[in-house]
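Topology and contacts: notes
The lines below spell out each chain.
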Amino acid sequence: MGLKKYIVFGLILLIAMGVFVYSFNGNVYPLSFAGITISLPIAIWIVLPALILYLLTIGHLMFYGTVGFTRMRKIRKDGEKLLTNSKNALLGKMVDTDYKTDIFKLPGAILPLLNIDPKRYADHRVYDDGIQDILDVKRKVNEGLVVDLSPFSLRPDNALVLKNHENRLKSDQNYADTILKRCDDKTLCQKAHLALASYATIEDIRKYDVEPTKALFDTLVDRVNASENPLEFADDAMIKYIKQLDFISNDFIELAKKLRNKVNPDRLVLLFERLAHEFPQEAGEGYLYVMFELQMMDNVREFLENSSEDEYTKFKYMLFLKDSGKNFDTELFI
């Protein structure tokens, strides 16, 4: 009930009480206080306590109404400030964190963290310990540290959990096997698979059903006859990966460059003969590059004679130079 209604209906009730009592007994009753005698009708004496309670209640309602109005006014002003600060935070401007009401103090303290310039609030603290702990954990994870996330009961696909796995993987490549045993995130699985490829056998690498990447393939090729963690990367296994990775012409040339000093010439020739047969459109330039590097010009001539006029033009030009007695570095043209 509003204050105005209370005043009106309360006054009506008091008057009704007085009239009702007076209709039964209109006598005057004297009452002495500290030697002073006051004579009033009995109806007034009966209504007087209710009147005092009525006036005190009005005073009470007016006081707390004023307090409530002042509080709502502060809330309204803080709400307007929060809206303004939200816009400033998203725009990278300075954010005011001074709020008058408790309801806005915590959101206001968190708001600066939305700023697009995180360095501006790198040392910003939130007075709520629970939230500050979460902020500290997020900061550490984003800085590349490994933290214990078990107290937060996060799902395996949570961004913080995935990033924490990545951080540990960077500091401990052997952790890759642990990730791959229970891995649902494609990006994380591929990163763990790439880390595993730096030290595991080809059998251990292929036992995990993870979509390979060119980075993984390059890592495997780099380990062929390497001084550290050498890998037996058979031609069959290599071709399997190539089929999955959709190699283009430049990829085959890069593969030839990497293997040129890693495997013996016979194996290199046999491998690129197979590749040219299985990938006739894409691997042709890689095959020709190998032939030029090994000075197997008869193979080059035979391959180019079976090509169309507009194919492998630079290699045809290189063959012309060779037939003209010119010596040159193949790298100048490839």
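Just above sits the structure.
The rules behind the values
- Residues numbered from 1 in each chain as written.
- Predicted model: local features only at pLDDT ≥ 70, side-chain atom pairs only at ≥ 80, totals over all residues.
- Heavy atoms only, no water.
- Helix = DSSP H or I, 4+ residues; strand = E, 2+ residues; numbered from the N terminus.
- Rg over C-alpha atoms; globule rule 2.2 N^0.38 Å.
- Buried < 20%, exposed > 50% of the residue type's maximum accessible area, 1.4 Å probe, protein only.
- Contact = heavy atoms within 4.5 Å.
- Lys, Arg positive; Asp, Glu negative; His and termini not counted.
- Charge placed at Lys NZ, Arg CZ, Asp CG, Glu CD.
- Patch = residues over 30% accessible without salt bridge, like charges linked within 9 Å, V, L, I, M, F, W, Y side chains within 5 Å.
- Areas by Shrake-Rupley, 256 points an atom, 1.4 Å probe, with all protein chains shown as cover.
- Salt bridge = Lys/Arg side-chain N within 4 Å of Asp/Glu carboxyl O.
- Axes fitted to C-alpha atoms, helices over the stretch in contact; angles between N-to-C directions.
- Parallel < 35°, antiparallel > 145°, perpendicular 65-115°, else oblique.
- Left-handed = near helix turned anticlockwise from the far one by under 90°.
- Nonpolar A, V, L, I, M, F, W, Y, C, P; charged D, E, K, R; others polar.
- Pairing = 2+ DSSP bridges.
- Arc of directions from axis to C-beta.
- Phe/Tyr/Trp six-rings, centres within 6.5 Å; stacked < 30°, edge-to-face > 60°.

Section: the overall build of the protein
Counting its regular elements, the protein contains 15 helices and two strands. The globule rule puts the C-alpha radius of gyration for 334 residues at 20 Å, and the 43 Å found for the protein is more than 25% above it. For the protein, buried positions account for 35% of its 334 residues. Taking as baseline every contact in the protein between residues at least 6 positions apart, the subset at least 24 positions apart corresponds to 45%. Charge centroids of the protein, computed over 43 positive and 47 negative side chains, lie 14 Å from each other.

Side note on a nonpolar patch on the surface
A contiguous nonpolar surface patch, about 600 Å² in accessible area, is contributed by Leu3, Ile7, Val8, Phe9, Ile12, Leu61 and Met62. Of all the secondary-structure elements, those providing two or more residues to the nonpolar patch are helix H1 (3-24) and helix H2 (42-91). The greatest single-element share of the nonpolar patch, amounting to five residues, is contributed by H1. Tracing the backbone through its elements, the reader meets Ile7 in helix H1.

Concerning the packing of helix H9 (residues 214-222) against helix H11 (residues 249-259)
Look at H9 against H11: their axes get within 10 Å of each other, and the N-to-C directions meet at 20°. Here H11 runs roughly parallel to H9, going by the angle between their axes. As H9 runs across H11, the sense of the crossing is right-handed. For the pair H9 and H11, contact is made by Lys214, Phe217, Asp218, Val221 and Asp222 and by Asp251, Leu255, Lys258 and Leu259, respectively. Counted by class, the contact of H9 with H11 contains four nonpolar, no polar and five charged residues.

Quick word on the environment of Pro30
Within the fold, Pro30 resides in strand S1 (residues 28-33). Once you skip the residues sitting within four places of it in the chain, Pro30 turns out to touch Thr37, Ile38 and Ser39.

Quick notes on unusual backbone geometry
At Ser153, a position not held by glycine, the phi torsion is positive, near 50°. With respect to the secondary-structure elements, Ser153 resides in the loop between helix H4 (129-142) and helix H5 (159-171). Backbone geometry places Tyr312, a non-glycine residue, at a positive phi of 50°. Structurally, the position occupied by Tyr312 is in the loop between helix H14 (297-305) and helix H15 (313-323). Given a relative accessible area of 12%, Tyr312 falls into the buried group.

Comments concerning the pairing of S1
Pairing analysis gives six bridges linking S1 to strand S2 (residues 36-41), with the strands arranged antiparallel. Among the inter-strand pairings, Phe33 is bridged to a residue of S2, identified as Ile36. Hairpin geometry of S1 and S2 is characterised by an intervening segment of two residues between the two adjacent antiparallel strands and by a positive phi of about 50° at Ala34.

A word on H14
Of all the residues in H14, the buried ones are Met297, Asn299, Val300 and Leu304. In an axial view of H14, the angular spread of the buried residues amounts to 155°, which keeps them on one side of the axis. Of the residues in H14, the exposed ones pointing more than 90 degrees away from the buried face are Asp298 and Glu305. Of the surrounding elements, those touching the buried residues of H14 are helix H12 (265-278), helix H13 (284-293) and H15.

Here we look at the side chain of Asp235
Looking at where Asp235 falls in the secondary structure, it is placed in helix H10 (residues 235-245). If we skip the residues at most four places from it in the chain, Asp235 touches Arg267, Leu271 and Arg274.

Looking at the packing of aromatic side chains
For the structure on display, the rule yields ten aromatic pairs. When the ring of Phe217 is compared with that of Phe247, the centres are 5.2 Å apart and the planes differ by 80°; the resulting orientation is edge-to-face. Here Phe217, found in helix H9, pairs with Phe247, found in the loop between H10 and H11; they are 30 residues apart in sequence, far enough to count as distant. Relative accessible area serves as the criterion here: at 1%, Phe217 is assigned to the buried category.

Some details on the packing of H12 against H13
The relative placement of two packed helices comes down to the angle between their axes together with the axis-to-axis distance. Their axes nearest at 9 Å, the elements H12 and H13 cross at an angle of 155°. When the axis of H12 is compared with that of H13, the two are roughly antiparallel. Here H12 and H13 pass one another in a crossing that is left-handed. Between H12 and H13, the contacting residues are Leu268, Val269, Phe272, Glu273 and Ala276 on the first element and Gly286, Tyr287, Val290 and Met291 on the second. Counted by class, the contact of H12 with H13 contains seven nonpolar, one polar and one charged residues.

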